[in-house]
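Secondary and tertiary structure notes
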Amino acid sequence: MDLETAADHCLKWVDDHRWWLLGGIVILYVLGFNGQWHVNPDSARYANAARGLVHGQSFTDLDMALIRYPGLTWLMAVVFRVAGEESGFLVLQMIMLGLSLSTLALTFAIFRLHSSRAVAVMVTCLLAMNLEYYRHAYHALSNLPFLFGLMLFLLGYELAIVRLSKSGIHKLRIIVASTLLMVVGLAIAVTMRRTIYIFVAA
């Protein structure tokens, strides 16, 4: 069996078992969730700033880095105000888990635009099994929301590039949908990490 035939067999197996693979990923992530806040210096700084906002502190009194990139602080403050500080961390961890699974779904959608379903499933599973990605699903850090926003932007961009090149489709709907995805995704990413400016410049 040559390499190309083996690759075809592998992709066929992945496609035939896609529901088991994707379902297993969801189960793996749900089983890893315990609702506990994994404390580290960065998330503690965001949490303290969010508590300050909830209790009436001015945003200009915060660390300059948090002022320039306030996304996670805003998110925490809203969660603490709505759910309370005691149960707020549980809600926040649920949001992070939801963002991790949503980012995997966006990854699947982006690769599905350019390749077969089996390739999209394989890439999604490989990302899900990455230890660093898996770890961030349970930490209150800006990395995962940033990646979610970036993938949302890329989906909008790729949707416009791929779909608008085809005839016989409702191009206005594609333009509106892709623009909305790019604007929302870029807005999320910009508030989370400064490195997005390099991406925008490129």
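Cut-off values and rules
- Residues numbered from 1 in each chain as written.
- Predicted model: local features only at pLDDT ≥ 70, side-chain atom pairs only at ≥ 80, totals over all residues.
- Heavy atoms only, no water.
- Helix = DSSP H or I, 4+ residues; strand = E, 2+ residues; numbered from the N terminus.
- Buried < 20%, exposed > 50% of the residue type's maximum accessible area, 1.4 Å probe, protein only.
- Contact = heavy atoms within 4.5 Å.
- Areas by Shrake-Rupley, 256 points an atom, 1.4 Å probe, with all protein chains shown as cover.
- Axes fitted to C-alpha atoms, helices over the stretch in contact; angles between N-to-C directions.
- Parallel < 35°, antiparallel > 145°, perpendicular 65-115°, else oblique.
- Left-handed = near helix turned anticlockwise from the far one by under 90°.
- Phe/Tyr/Trp six-rings, centres within 6.5 Å; stacked < 30°, edge-to-face > 60°.

This part covers the overall build of the chain. A tally of regular secondary structure across the chain gives 11 helices and zero strands. The secondary structure elements of the chain, listed N-terminal to C-terminal, are α-α-α-α-α-α-α-α-α-α-α. Within the span of the chain, comprising 202 residues, buried residues form 39% of the whole. Long-range contacts, defined as pairs at least 24 residues apart, comprise 70% of the intrachain contacts of the chain with a sequence gap of at least 6. Here the chain has roughly 11,500 Å² of accessible surface; of this, 67% comes from carbon and sulfur atoms.

Across the interface, helix α5 (residues 71-83) lies against helix α6 (residues 85-114) with an axial gap of 8 Å and an inter-helix angle of 130 degrees. One finds that α5 runs oblique with respect to α6. Considering only the axes of α5 and α6, their crossing is right-handed. Here α5 contributes L72, L75, M76, V79, F80 and A83 to the contact with α6, which in turn contributes E85, S87, G88, F89, V91, L92, I95 and M96.

What follows is about the environment of L53. Note on placement: L53 falls in helix α3 (residues 41-54). In sequence terms L53 and R81 are 28 residues apart; their C-alpha atoms lie 9.3 Å from each other.

Mapped onto the secondary structure, S178 falls in helix α10 (residues 171-192). Setting aside residues no more than four positions away along its own chain, S178 makes contact with G156, L159 and A160.

In this structure the tally under the stated criterion is four aromatic pairs. Both rings, one in Y29 and one in Y134, keep their centres 4.8 Å apart while their planes meet at 80 degrees; by these two values the pair is edge-to-face. In this pair, Y29 sits in helix α2 (residues 18-31) while Y134 sits in helix α8 (residues 131-136), placing the two residues 105 residues apart along the sequence. The exposure class of Y134 is partly exposed, given its relative accessible area of 21%.

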